Amino acid sequence: MLALGLVAAAAVTASAHRKDEYLQASRIAIESGRVQMEIDLTPGIAVAEDVLKQIDTDRSGSVSDAEADAYAASVMRAVALEVDGRPLAPYLVDRVWPTVEAVRQGEGSMRLRLSALMPPLGAGAHHLRYHNAHRPDIGVYLANALVPSSDRVAITDQQRDVDQRALRIDYVLRADAAALRSQWIAPGLIGLAMASALLRLSRISRRGSGRLRGRTPGAAPT
Amino acid sequence: MFAMSRPSAVLLVSCALVSGSQAAPQRSPAPADATARIVAAARAVVATLDEAGKGTLQYAFDDAAQKKRWSNFPSPMFAREGLRLGDLTPPQRTAVMSLLQAALSADGYRKVLEIMKGDEVLKTGAGGRGPGGGGPPGGGPPGGGPPAGGPPGGGPPPGARGGRGGPGGGLMFGEDQYWLAFLGTPSTTTPWMLQFGGHHLAINLTIGGSQASMTPSLPAAQPAKFTIEGREIRPLGKENDKGFALINALDETQRSQAILSYRVADLVLGPTQDGRTIQPEGLRASALTPAQQSMLLDLVREWAGIMNDAYAEPRMAEIRAGLPQTYFAWSGPTVNGGAAYFRIQGPTLVIEYAPQGSVDHIHTIYRDPTNDYGATFAK
């Protein structure tokens, strides 16, 4: 055995992971007609029991579907989402729940997938506001916009409070290509129809006036 | 004082050799040659194993669960699968380390050794389960013979393949607690993946002929600074120092764009975040001077250059080509010594450097949103 002096230069803790904080990481995907959201909730090992008390309300040592749904609902009540100042109503799409043991060890992440329908929005600049007030006593937050999957949506700015509990996403909604086509095609067709009608009227008018001219006194009919 | 096991001594000697070799950089071999050497080293590992060991090492290339089975967490908090170093005989372990040396650059190999060494320090400082991590949950060594890293203890948990720790036990730290797995059969032509990792380390190297991708990977460190025989070791020291050098090379206008107005407590695109791309923020690299761009690329190389130089050079060329669309963002103090987060994000690149509340505990992530797990060539 080779004995070597091995000294940690700084105090080393046993924890290799977050201890006394409750990490809440939100990712927001803006689409033209809806907002999709994921929230990962990861309590550190030192606060896991505290969080579990809120989830495992019957103290059975496991999390039932009803308990998971109830906790998800409580998180959703603490989350505010609005577009251009109009509140949105996120609903739960699905949830992924770790084992109680994993949460207890500080490893378990609960994942909520939420979705909210957007009101009809016109092309142009818009903003989405997100606020997470769940467990601010122990929470640390991440909040980010995902790169939009549609070319119709372009994010122009993100602003947050210092703790990332609040996020404002500025974005531009471009006119839908199909809508653009119909927007241009319809007036175009109408224009063509009107031009065609005017042309016909003009021809009729010319023919009419010829006849009239023919009827001009002194002119011989051809 | 720390009584080092024989494999640890081998690692340290290797580490010293690697450090020495850095003084005389050699011309990068062709990627195809590098692949041939890595495949030979991988086959040498396989040759040391019995059938059970081979079964423990080998996974199907399309095993999506195993592909994503990596984490910053220690075991058994996170259950890894594959060959556990602590279960190997000395020749087996030497073969594994030779494979890593072939697959990685000299600096990348040095980094991996130092991250593992840091975990050994953590074990002694944290009151871990002692040498061998309390014994291999997977039973005896895959190739027969005595385990190199501590006494065996206990059989495998129900349903576990070799080397898997069951939940609920004490955390296991140290150089024995790292796992190797192959997804697909090592080949010079057909895609396969070398997966190596443990606490604070995940190397996912997908090789397809002369192409390779080492994303996603997670080099991390705790402690971030320690000494061995009077020599200071900082596994991610260059990442830290080059990051601070870059932020301090910016003028006030550039800084105002690069520095985020909010705290970033953790990795945004860490483990379990495959396939997601966040909206980039910060200072666009096109607003950097040529000298600052060189500093940024030099910083990126700390991650992109972990894999064999033959693969790293084309990867760096790709990142360089995307530089005009690459962003540098910073959160935290700008004086070196503070705990600051930074992110570099480009068309084919995401790097995050995230102190976990202190400068002594660092997580980082390295991704290619277009080619994680070699998606473009590993079909």
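This text follows the structure it describes.
Parameters and conventions
- Residues numbered from 1 in each chain as written.
- Chains lettered and ligands numbered in written order.
- Predicted model: local features only at pLDDT ≥ 70, side-chain atom pairs only at ≥ 80, totals over all residues.
- Heavy atoms only, no water.
- Helix = DSSP H or I, 4+ residues; strand = E, 2+ residues; numbered from the N terminus.
- Buried < 20%, exposed > 50% of the residue type's maximum accessible area, 1.4 Å probe, protein only.
- Contact = heavy atoms within 4.5 Å.
- Areas by Shrake-Rupley, 256 points an atom, 1.4 Å probe, with all protein chains shown as cover.
- Pairing = 2+ DSSP bridges.
- Expected span 1.5 Å × (residues − 1).
- Salt bridge = Lys/Arg side-chain N within 4 Å of Asp/Glu carboxyl O.
- Polar contact = N/O pair within 3.5 Å; in protein donor to acceptor, adjacent residues only side chain to side chain.
- Phe/Tyr/Trp six-rings, centres within 6.5 Å; stacked < 30°, edge-to-face > 60°.

### Description of the overall build of chain A
Point 1. The number of helices and strands found in chain A is four helices and twelve strands.
Point 2. In chain A, which comprises 222 residues, the proportion classed as buried is 40%.
Point 3. When contacts within chain A are restricted to residue pairs at least 6 apart in sequence, those whose partners lie at least 24 apart make up 66%.
Point 4. Carbon and sulfur atoms make up 58% of the accessible area of chain A, which amounts to about 11,700 Å² in all.

### Some remarks on the sheet that holds strand β11 (residues 153–160) of chain A
Residues and elements named next belong to chain A.
Point 1. Pairing within the open sheet is antiparallel, and its five strands lie in the order β6-β5-β9-β12-β11. The two strands at the open ends of the sheet, each matched to only one other strand, are β6 (86–87) and β11.
Point 2. Relative to strand β9 (residues 124–132), strand β5 (residues 79–83) is paired through five bridges, and the arrangement is antiparallel. When the sheet's bridge partners are listed, L81 is paired in β9 with Y130.

### What to know about helix α2 (residues 65–77) of chain A
Residue and element names in this part refer to chain A.
Point 1. In this model, α2 (13 residues) spans 18 Å end to end at C-alpha, consistent with the 18 Å of a helix rising 1.5 Å per residue.
Point 2. Buried within α2 are the following residues: E67, A68, Y71, A72, V75 and M76.
Point 3. For α2, the elements touching its buried residues are β3 (22–30), β4 (34–43), α1 (48–55), β5, β7 (91–96) and β8 (110–117).

### Re the pairing of β11 of chain A
Residue and element names in this part refer to chain A.
Point 1. Pairing analysis gives seven bridges linking β11 to strand β12 (residues 166–173), with the strands arranged antiparallel. By the bridge assignment, A154 is partnered in β12 with V172.
Point 2. The turn joining β11 and β12, which pair antiparallel and follow one another in sequence, is formed by five residues; a positive phi near 65° is taken by Q164.

### A few points about the pattern of salt bridges
Point 1. Taken as a whole, this structure holds 36 salt bridges over all chains when the rule is applied.
Point 2. Between D40 of chain A and R27 of chain A there is a salt bridge, with the nearest N and O atoms lying 3.1 Å from each other. Taken together, the residues D40 of chain A in strand β4 and R27 of chain A in strand β3 connect sequence positions 13 residues apart.
Point 3. Measuring nitrogen to oxygen at the nearest pair gives 2.7 Å for the salt bridge that ties R160 of chain A to E281 of chain B. Remark: E281 of chain B occurs in the loop between α8 (252–258) and β11 (283–284) and R160 of chain A occurs in strand β11; the pair is interchain, linking two chains.
Point 4. Judged by relative accessible area, which is 12%, E281 of chain B ranks as buried.
Point 5. Among the ionic contacts, a cluster of salt bridges with common partners joins R27, E38, D40, D94, R111 and R113 of chain A together with R276 of chain B.

### Details of the environment of E82 of chain A
All names here are of chain A.
Point 1. Mapping E82 onto the fold places it in strand β5.
Point 2. Each C-alpha atom of the pair E82 and H131 lies 9.2 Å from the other, and the pair is 49 residues apart in sequence.
Point 3. Excluding residues that lie within four positions of it along the chain, E82 makes contacts with P87, L88, H127, L128 and R129.

### Examining the environment of N204 of chain B
Residues and elements named next belong to chain B.
Point 1. Structurally, the position occupied by N204 is in strand β6 (residues 201–208).
Point 2. Sequence separation between N204 and A287 is 83 residues, and the spatial gap between their C-alpha atoms is 33 Å.
Point 3. When sequence neighbours within four positions are dropped, the list of residues in contact with N204 reads K67, W70, M193, L194, Q195, S213, M214, T215, P216 and S217.
Point 4. Here the side chain of N204 touches Q195 through a polar contact of 3.3 Å, side chain to side chain.

### A closer look at the packing of aromatic side chains
Point 1. Taken as a whole and judged by the stated rule, the model has nine aromatic pairs over all chains.
Point 2. Both rings, one in Y71 of chain A and one in W97 of chain A, keep their centres 6.2 Å apart while their planes meet at 80°; by these two values the pair is edge-to-face. Of this pair, Y71 of chain A sits in helix α2 while W97 of chain A sits in the loop between β7 and α3 (100–104), placing them 26 residues apart in sequence.
Point 3. Take Y71 of chain A: its relative accessible area is 1%, and that puts it in the buried class.
Point 4. Ring geometry for F342 of chain B against Y353 of chain B: centres 4.8 Å apart, planes inclined by 5°, an arrangement best described as stacked. Taken as a pair, F342 of chain B in strand β13 (residues 341–346) and Y353 of chain B in strand β14 (residues 349–355) lie far apart in primary sequence, eleven residues in all.

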